[in-house]
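Survey of secondary and tertiary structure
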Amino acid sequence: MRHIVAVASGKGGVGKSTTACNLALGLSAQGLKVGLLDADIYGPSVPKLLGLSGKPRVLEGKTLEPLQAYGLKAMSIGLLIEPESAMIWRGPMVQSAITQMLRDVAWGELDVLIVDMPPGTGDAQLTMAQATPLSGAVIVSTPQDLALIDARRGVTMFRKVSVPILGVIENMATFICPNCGTASAIFGHGGARHEAERLEVPFLGEIPLTMAIRETSDAGRPVVATDPDGPQARIYREIAQKLWANLSGAPAGRAAPRIVIE
Ligand code: ADP
């Protein structure tokens, strides 16, 4: 793997998984070999987003074969457990599951592995950021203040473990009415961009709140793959291009940082 990139958010429900999935597809559209690892152990949504079902095959011994969807290689705990079963795992078990999905999966040669992180900045996220040789992290936030406060925590967490912030994405930036096409800033507008400027991290772009993104995500037909020339796909592809440009300048396969508690 040339680069491992974490897609994170300070809290749940801001569209982190949807963004991670469409970003991975945007990178793949550039001709890159891309994998998508669902590290959101408590709420795995990659199987649903990519319309995947069935268990991964076990190859020689204990290696798992990733599933393929829309040109991506994908792995998720959601493929290994029953859909309705609750993940009542403590931190170390979560960490061990994530480590296994990184190391014991036959990812093959990849330009980028996108990791859909669990939301928040708790133990699992911190250990993950510490134990994985991440090239950098992308933070997804909605525009309103409350979500931004959490996004700021995300930036602080990655900075603490010396993981470069590759950029901030504002999701649900404006609502595009499916009837008249009018854009309304339901959650305010521009918050994430200003925050990125304030924190001196790159701003990667804004994704509108649209019916098409919601419907295609929930139907397992992500918009970048199913309507690649449409307006939404174009936005994701542009963000993916910026991300790749920022990534190409980042050192590959960085050693995992150490956490020092003072
Ligand atoms: P998270 O990973 O942050 O919990 P999800 O990616 O699961 O969030 O998204 C939560 C819900 O919001 C899903 O139903 C998804 O389809 C929807 N969603 C995410 N981004 C958008 C968007 N830009 N426009 C419309 N719906 C969106």
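Residues numbered from 1 in each chain as written. Predicted model: local features only at pLDDT ≥ 70, side-chain atom pairs only at ≥ 80, totals over all residues. Heavy atoms only, no water.

1. Notes on the layout of surface pockets
Considered as a void within the structure, the largest pocket measures approximately 310 Å³ in volume. What lines the largest pocket is a set of 22 residues, among which Gly13, Val14, Gly15, Thr18 and Met172 lie closest to the centre. The set of elements that each furnish at least two residues to the lining of the largest pocket consists of α1 (16–28), β9 (165–176), β11 (203–209) and α7 (211–218). Here the lining of the largest pocket takes four residues from α7, the largest share from any one element. By residue class, the composition of the lining of the largest pocket is eight nonpolar, nine polar and five charged. (1 Å grid on protein atoms, 1.4 Å probe; cavity = no way out; pocket = protein on both sides within 12 Å on 5 of 7 lines; lining within 4 Å. Points joined across faces, edges and corners; volume = space filled by probe spheres on them. Helix = DSSP H or I, 4+ residues; strand = E, 2+ residues; numbered from the N terminus. Nonpolar A, V, L, I, M, F, W, Y, C, P; charged D, E, K, R; others polar.)

2. Thoughts on helix α5 (residues 145–160)
Spanning 16 residues, α5 covers 22 Å between terminal C-alpha atoms, matching the ideal 22 Å at 1.5 Å per step. The set of residues buried in α5 consists of Ala147, Leu148, Asp150, Ala151, Gly154, Val155, Met157 and Phe158. Backbone geometry just downstream of α5 places Ser162 in the positive-phi region, at approximately 60 degrees. (Expected span 1.5 Å × (residues − 1). Buried < 20%, exposed > 50% of the residue type's maximum accessible area, 1.4 Å probe, protein only.)

3. Points about the nonpolar core
Of all hydrophobic cores here, the largest spans 80 residues; its most connected members are Leu27, Leu36, Leu50, Ile114 and Phe158. Top contributing element to this core by residue count: helix α9 (residues 231–248), with seven residues. Those residues in contact with Leu50, other than ones at most four positions away along the chain, are Cys21, Leu36, Ala69, Tyr70, Leu72, Ala74, Gly220 and Pro222. (Core = buried A, V, L, I, M, F, W, Y, C linked by side-chain atoms within 4.5 Å. Contact = heavy atoms within 4.5 Å.)

4. So, the side chain of Thr174
Checked against the element boundaries, Thr174 lands in strand β9. Setting aside anything within four residues of it in sequence, one finds Thr174 in contact with Ala183, Ser184, Ala185, His189, Pro208 and Leu209.

5. Describing the site of the ligand
Around the ligand, a shell composed of 17 residues is seen, among which Gly13, Lys16, Ser17, Thr18 and Pro208 lie nearest. A distance of 3.0 Å separates an oxygen atom of the ligand from a polar backbone atom of Val14. Separating a nitrogen atom of the ligand from a side-chain N or O atom of Asn171 is a distance of 3.0 Å. With the chains in place, 82% of the 560 Å² that the ligand exposes on its own is no longer accessible. With respect to the pocket detection grid, the ligand is positioned in the largest pocket. Elements supplying a minimum of two residues to the shell around the ligand: α1, β9, β11 and α7. Among the elements that line the shell around the ligand, the one with the most residues is α7, at four residues. (Near = heavy atom within 4 Å. Polar contact = N/O pair within 3.5 Å; in protein donor to acceptor, adjacent residues only side chain to side chain. Areas by Shrake-Rupley, 256 points an atom, 1.4 Å probe, with all protein chains shown as cover. Sits in = over half its atoms within 2 Å of the grid points.)

6. Some thoughts on the pattern of salt bridges
All told, the structure shown has eleven salt bridges when counted by the stated rule. The closest approach of N and O atoms between Lys16 and Asp40, which form a salt bridge, is 3.2 Å. Separated by 24 residues along the polypeptide, Lys16 in helix α1 and Asp40 in the loop between β2 (34–38) and α2 (46–49) bring together distant segments of the chain. With a closest N to O distance of 3.9 Å, Asp104 and Lys62 form a salt bridge. Of the two residues, Asp104 sits in the loop between α3 (91–103) and β7 (112–116) while Lys62 sits in the loop between β3 (58–59) and β4 (63–64), which places them 42 residues apart along the sequence. Residue class for Lys62 comes out exposed when judged on its relative accessible area of 63%. (Salt bridge = Lys/Arg side-chain N within 4 Å of Asp/Glu carboxyl O.)

7. Here's the deal with the packing of α1 against α9
Interhelical geometry of α1 versus α9 gives an angle of 75 degrees and a closest axis separation of 8 Å. Here α9 runs roughly perpendicular to α1, going by the angle between their axes. On α9, the residues touching Thr18, Thr19, Asn22, Leu23, Gly26 and Leu27 of α1 are Tyr236, Arg237, Ile239, Ala240, Leu243 and Trp244. Looking at the contact of α1 with α9 residue by residue, the class counts come to seven nonpolar, four polar and one charged. (Axes fitted to C-alpha atoms, helices over the stretch in contact; angles between N-to-C directions. Parallel < 35°, antiparallel > 145°, perpendicular 65-115°, else oblique.)

8. Quick word on α7
Taken together, the buried positions of α7 are occupied by Ile213, Thr216 and Ser217. Burial along α7 is one-sided: seen end-on, the buried residues are contained in an arc of 100 degrees. Considering only its buried residues, α7 is in contact with α1, α2, β11, α8 (223–226) and α9. (Arc of directions from axis to C-beta.)

9. Examining the packing of α5 against helix α6 (residues 191–199)
Contact geometry of α5 with α6 gives a least axis separation of 11 Å together with a crossing angle of 35 degrees. For the pair α5 and α6, the sense of crossing is right-handed. Contacts between α5 and α6 involve Leu148, Arg152, Val155 and Arg159 from the first element and Gly191, Ala192, Glu195, Arg198 and Leu199 from the second. (Left-handed = near helix turned anticlockwise from the far one by under 90°.)

10. Details of empty space enclosed by the protein
Over the atoms, a rolling probe the size of a water molecule traces out where space has been left empty. What the rule picks out here adds up to two cavities of 30 Å³ or more. Within this model, the largest cavity holds a volume of roughly 40 Å³. As for the largest cavity, its lining consists of Ile139, Leu148, Ala151, Arg152, Val155, Val168, Ala192, Glu195 and Leu199. Residue contributions to the lining of the largest cavity peak at four residues, all from α5. When the residues that make up the lining of the largest cavity are grouped by side-chain class, the tally is seven nonpolar, no polar and two charged. What lines the second largest cavity is Gln95, Ile98, Thr99, Leu102, Arg103, Met128, Ala131 and Thr132. Those elements that place two or more of their residues in the lining of the second largest cavity are α3 and α4 (123–131). Per element, the largest residue contribution to the lining of the second largest cavity is five residues, and it comes from α3. Class assignment for the residues of the lining of the second largest cavity results in four nonpolar, three polar and one charged.

It is worth stressing that arrangement in space is one thing and function is another; only the former is reported here.
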